[in-house]
Structure formats: C-alpha cells, structure tokens
Amino acid sequence: MPKIVIDESLCKGCGLCTIACPKKLIKLDSQINKQGFYPATISAEDLAACTSCSLCGQMCPDVAIAVYREPKAK
C-alpha cells in the first residue's frame, strides 16, 4: 500500500504539494501548526487512493513529505 507521511512541524503551508498531486489528494489543513502555518494533510481515504508517484515530495521545498512505496514483485 502506498504511503506518504507529512511532517507538520516542517510544513510551511506553501501548497506546492497540493498543486503537484495529480489526483488532488493533498489539502491544506484548517488548523495551524506550531509555526503558525496551515500544513498540508491527507485523509485516510485519500491516502488509500495515493499511488506514491512522489511528485508531492519532490515539490516540497522544506522536505516535509516522505514517500514510501512497496517493493515491486520480481
């Protein structure tokens, strides 16, 4: 199962990941983080639809998104 992890303490809410996601699964949260920004978030339902394309992680200027993929079967 694909998985992304967003570190809210590093996210400054720039929204680049929301634009980069081809399925538009990542949103900006309605609650502010400790730095005063609205961090990126992904719901459990949207996480299940994630393909781990890693575009969100590549676009993040603060490296706040880690993308994990399952190894391909040989």
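Everything in this summary refers to the structure shown in the same document. (Residues numbered from 1 in each chain as written. Predicted model: local features only at pLDDT ≥ 70, side-chain atom pairs only at ≥ 80, totals over all residues. Heavy atoms only, no water.)

1. Focus on the pairing of strand S1 (residues 3–6)
Along a regular strand, successive side chains alternate from one face of the sheet to the other.
Next, step 1: Side-chain alternation along S1 places Ile4 and Ile6 on a buried face and Lys3 and Val5 on a face that remains uncovered.
Next, step 2: Bridging between S1 and strand S4 (residues 65–68) involves 4 bridges; their strand directions are antiparallel. Counterpart to Val5 in the pairing with S4 is Ala66. (Buried < 20%, exposed > 50% of the residue type's maximum accessible area, 1.4 Å probe, protein only. Helix = DSSP H or I, 4+ residues; strand = E, 2+ residues; numbered from the N terminus. Pairing = 2+ DSSP bridges.)

2. A closer look at the side chain of Ser54
Next, step 1: Among the secondary structure elements, Ser54 is positioned in the loop between helix H2 (44–49) and helix H3 (55–59).
Next, step 2: Once you skip the residues sitting within four places of it in the chain, Ser54 turns out to touch Val67 and Arg69. (Contact = heavy atoms within 4.5 Å.)

3. A closer look at the nonpolar core
Next, step 1: Counting 15 residues, the largest nonpolar core has Ile4, Ile6, Ile26, Ile42 and Ile65 as its most contacted members.
Next, step 2: Among all residues touching Ile65, those that are not within four sequence positions of it are Ile4, Val5, Ile6, Cys17, Cys56, Gly57 and Cys60. (Core = buried A, V, L, I, M, F, W, Y, C linked by side-chain atoms within 4.5 Å.)

4. Some points on the state of the cysteines
Next, step 1: One pass over the structure, following the stated rule, counts 0 disulfides.
Next, step 2: Note on Cys14: no disulfide assigned, nearest cysteine sulfur contributed by Cys60 at a separation of 6.1 Å.
Next, step 3: No disulfide involves Cys17; its nearest neighbouring cysteine sulfur is the one of Cys11, lying 6.0 Å away.
Next, step 4: The buried category is assigned to Cys17, whose relative accessible area is 7%. (Disulfide = S-S within 2.5 Å.)

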